[in-house]
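# Remarks on the overall topology
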Amino acid sequence: MTARAKGLSERKVLYGHIFRNAMLIVIAGFPSAFIGILFSSSLFIEVIFSLDGLGLLGYEAALTRDYPVIFATLYFFSLLGLIMGIIGDFMYSIIDPRIDFESRE
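Below, the structure is looked at part by part. (Residues numbered from 1 in each chain as written. Predicted model: local features only at pLDDT ≥ 70, side-chain atom pairs only at ≥ 80, totals over all residues. Heavy atoms only, no water.)

## Quick look at the overall build of the chain
Going by this rule: Working definition: helices are DSSP H or I runs of at least four residues, strands are E runs of at least two. Numbering for both runs from the N terminus. In this description the radius of gyration comes from C-alpha coordinates, and the expected globular size is given by 2.2 Å times residues to the power 0.38. Throughout, exposure labels follow a simple rule: accessible area from a 1.4 Å probe, protein chains only, divided by the maximum for the residue type, with under 20% read as buried, over 50% as exposed, and the rest as partly exposed. Two residues form a contact once any of their heavy atoms are found within 4.5 Å. Only four residue types enter the charge count: Lys and Arg as positive, Asp and Glu as negative, with His and the chain ends excluded. Charged groups are reduced to one reference atom each: NZ for lysine, CZ for arginine, CG for aspartic acid, CD for glutamic acid.
Within the chain, the regular secondary structure consists of four helices and zero strands. In the chain, the order of α-helices and β-strands from amino to carboxyl end is α-α-α-α. Its C-alpha radius of gyration of 21 Å places the chain more than 25% over the 13 Å reference for a compact globule of 105 residues. A burial count over the chain gives 21% of its 105 residues as buried. Summarising the internal contacts of the chain: among those between residues at least 6 apart in sequence, 46% fall at separations of at least 24. Between the centroid of the 8 positive side chains of the chain and the centroid of its 10 negative side chains there is a distance of 19 Å.

## Some remarks on the packing of aromatic side chains
Rules: Any two of the Phe, Tyr and Trp rings considered here, Trp counted by its six-membered ring, make a pair once their centres fall within 6.5 Å; the pair's planes then place it as stacked at under 30 degrees, edge-to-face at over 60, or tilted in between.
Scanning the entire structure with this criterion turns up one aromatic pair. With centroids separated by 5.6 Å and ring planes inclined at 70°, the aromatic side chains of Phe76 and Phe77 adopt a geometry described as edge-to-face. Using a relative accessible area of 40% as the deciding quantity, one classes Phe76 as partly exposed. Exposure remark for Phe77: the relative accessible area of 10% places this residue in the buried category.

## Quick notes on the packing of helix 2 (residues 10-48) against helix 4 (residues 67-95)
The line we're drawing: Helix axes are fitted only over the stretch in contact, all axes being lines through C-alpha atoms; the angle between N-to-C directions runs from 0 to 180 degrees. Put simply, angles under 35 degrees are roughly parallel, angles over 145 are roughly antiparallel, angles from 65 to 115 are roughly perpendicular, and the rest are oblique. Residues are grouped as follows: Ala, Val, Leu, Ile, Met, Phe, Trp, Tyr, Cys and Pro are nonpolar; Asp, Glu, Lys and Arg are charged; all remaining types, including Gly, are polar.
Here helix 2 crosses helix 4 at 170°, and the two axes come no closer than 10 Å. In terms of their interaxial angle, helix 2 and helix 4 are classed as roughly antiparallel. Between helix 2 and helix 4, the residues in contact are Phe19, Arg20, Met23, Leu24, Ile27, Ala28, Phe30, Pro31, Phe34, Ile35, Leu38 and Phe39 and Phe77, Leu80, Gly81, Met84, Gly85, Gly88, Met91, Tyr92 and Ile95, respectively. Looking at side-chain class alone, the contact of helix 2 with helix 4 contains 17 nonpolar, three polar and one charged residues.

## Some thoughts on the side chain of Ser42
Residue position: Ser42 is located in helix 2. Apart from the residues within four sequence positions on either side, Ser42 is in contact with Ile37 and Gly55.

## Looking at the packing of helix 2 against helix 3 (residues 54-64)
Helix 3 packs onto helix 2 with a crossing angle of 90° between their chain directions and a minimal axis gap of 7 Å. One way to sum up the angle between helix 2 and helix 3 is to call them roughly perpendicular. Residue-level inspection shows Phe39, Ser42, Leu43, Glu46 and Val47 of helix 2 in contact with helix 3, the latter providing Leu54, Gly55, Leu56 and Tyr59. Considered class by class, the residues forming the contact of helix 2 with helix 3 number six nonpolar, two polar and one charged.

## What to know about unusual backbone geometry
Its identity as a non-glycine residue notwithstanding, Ser50 has a phi of 55°, on the positive side. In this fold, Ser50 is placed in the loop between helix 2 and helix 3. Using a relative accessible area of 65% as the deciding quantity, one classes Ser50 as exposed.

Structure follows, in structure tokens:
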């Protein structure tokens, strides 16, 4: 309301004030949601279409208690999650320049 009262256009209010604060929540939840969706959807697609892939491999390894394969698939999805987290942190700085990850003294 204040930005509109100062005479800013709707577009500047939307992208300069609302978009910046709303996107932080989306960026924060994206990495965990992405990994969950990626694993479950790859498993469903591989089962439905009889494809060989990492989701089905991990699922069958869990059923047969093949621990090295389970650890390998978990390692891959965890690494992917960490990379997505780092990308999310970089996106924080791009979307809202006020956020700074450097230590303060």
